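Read off the chains here:
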Amino acid sequence: MQVVLREERAGDLAIIRRITTEAFAGTAHGSGNEAALVDALRDTGALSLSLVVAEDGEVLGHVAFSPVTVGEAGSGWYGLGPVSVTPERQGQGLGRSLIREGLDRLEAAGAAGCVVVGDPAFYGRFGFANNPNQRLDGVPQEYFMQL
C-alpha cells in the first residue's frame, strides 16, 4: 500500500465533499456545514492550501487552510480546517499526517502563523496553544488556539 499526501485535484472535489460530510456527521462539534465551507473557500479563491491523503489512489482524507486576520497581527496568518478523514480510517494517523504536511508547507512559505478551533489535547500535539489575548466570538476560549 502506498500512501501519498498531495494537493487536491479537480477530480477530487466530490470525494472531498463526501468525506468531509461523513467525517463530521453525528459529531458533537460538527455543524453539518463543513463541506459547504470548503466549497465556499474554494469558490472564492480563499482555499490557500488544500491537501488530500490517498492510499493506492483512493482519497481517504482532506485538510483545508485559508487566510485569516488575527487581531492586530495582520496578514500572513492561516486558519486550519476543516480536517476530515473517512470514518472507517479515522484514528490511524492520516489526519495528523495531513495537518503536519500543511503546517510544514505554510512554514516553508513564510506564514506568520496558524489558528484553529478544536480540541486542545489533539491540536496541542502540533504546538497549538491558547493565547488569552486572542478570542473568537462564539467559541470557548480554550478551543481557539494559535501556532
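So, here's what we can say about the structure. The residue count restarts for each chain, going from 1 along the sequence in the order it is written. Reporting of local features is limited, given that this is a predicted model, to residues whose pLDDT is at least 70; pairs of side-chain atoms are given and counted only at 80 or more, and all residues count toward the totals for whole chains, interfaces and linings. Excluding hydrogens and water, the side-chain figures rest on all heavy atoms present in the structure.

## Quick notes on the overall build of the protein
Here is the rule we go by: Note on conventions: DSSP H or I runs of at least 4 residues are helices, E runs of at least 2 residues are strands, and numbering of each starts at the N terminus. Using C-alpha atoms as the atom set, the radius of gyration is obtained and then compared with a globule rule of 2.2 Å times the number of residues to the power 0.38.
A tally of helices and strands in the protein yields four helices and seven strands. Start at the N end of the protein and walk to the C end: the helices and strands fall as β-α-α-β-β-β-α-β-α-β-β. Relative to the 2.2 N^0.38 estimate, which gives 15 Å for 147 residues, the radius of gyration of the protein is 15 Å and therefore close to what a compact globule would have. Across its three principal directions, the C-alpha atoms of the protein cover 45 × 35 × 30 Å.

## Considerations on the nonpolar core
Within soluble globular proteins, side chains that are nonpolar generally end up buried alongside one another. How we decide: Put simply, a nonpolar core is a bunch of buried Ala, Val, Leu, Ile, Met, Phe, Trp, Tyr and Cys residues held in one set by side-chain atoms that sit within 4.5 Å of each other. Exposure categories follow from relative accessible area, calculated using a 1.4 Å probe and restricted to protein chains: below 20% of the type maximum is buried, above 50% is exposed, and the middle band is partly exposed. Only heavy atoms matter for contacts: two residues are in contact if any of them lie within 4.5 Å across the pair.
Grouped together as the largest cluster of nonpolar side chains are 20 residues, with contacts concentrated most on Phe65, Leu80, Tyr123 and Phe128. Counting only elements with at least two residues in this core, the list comes to strand S2 (49-55), strand S3 (58-68), strand S4 (77-85), helix H3 (94-108) and strand S5 (113-117). Each residue touching Tyr123, except ones within four places of it in the same chain, is listed here: Leu80, Val83, Ile99, Val116, Gly118, Phe128 and Met145. Grouped together as the second largest cluster of nonpolar side chains are nine residues, Ile16, Val52, Val59 and Ala64 included.

## Some details on the pattern of salt bridges
Condition: For this analysis, a salt bridge means a side-chain nitrogen from Lys or Arg found within 4 Å of a carboxyl oxygen belonging to Asp or Glu.
What the rule picks out here adds up to nine salt bridges. Note that Arg6 is salt-bridged to Asp12, the shortest N-O span being 2.6 Å. Per residue, the accessibility class of Arg6 equals that of Asp12, and both read buried. Glu101 is the salt-bridge partner of Arg105, the closest N and O atoms lying 2.9 Å from each other. Remark: Glu101 and Arg105 occur in helix H3; sequence separation between them is four residues, near one turn of the helix. Residue classification places Glu101 among the partly exposed residues on the basis of a relative accessible area of 24%. Linked by salt bridges that have partners in common, Glu8, Arg17, Asp39 and Arg42 make up one network.

## Topic: helix H2 (residues 34-43)
Rules: This arc corresponds to the set of directions leading from the helix axis out to the C-beta atoms.
Turning to H2, its buried residues number three or more, namely Glu34, Ala35, Val38, Asp39, Leu41 and Arg42. Buried residues along H2 cover an arc of 160° about the axis, so they all sit on one side. Buried positions along H2 lie against helix H1 (13-24), S3 and S4. Looking one or two places after H2, you find Gly45, whose phi comes out positive at around 75°.

## Considerations on H1
Our working definition: The length a helix should cover is 1.5 Å for every residue beyond the first.
Between the first and last C-alpha of H1 there are 17 Å, a value that for 12 residues agrees with the 16 Å anticipated at 1.5 Å per step. The set of residues buried in H1 consists of Ile16, Ile19, Thr20, Ala23 and Phe24. Buried residues of H1 fall within an arc of 110° about the axis and therefore sit on the same side. The inward-facing, buried residues of H1 contact H2, S2, S3 and S4.

## Describing the pairing of S2
For the record, the criterion: We call two strands paired when DSSP finds no fewer than two bridges between them.
In terms of burial, S2 is a largely internal element, seven of the seven residues being buried. Of the two faces of S2, the one carrying Leu49, Leu51, Val53 and Glu55 and the one carrying Ser50, Val52 and Ala54 are both buried. Bridge count for strand S1 (residues 3-7) against S2 is five bridges, and the pairing is antiparallel. Paired with Val3 across the bridge in S2 is Glu55. Across seven bridges, S2 lies against S3 in antiparallel orientation. Its bridge partner being in S3, Ser50 is matched across the sheet by Ala64.

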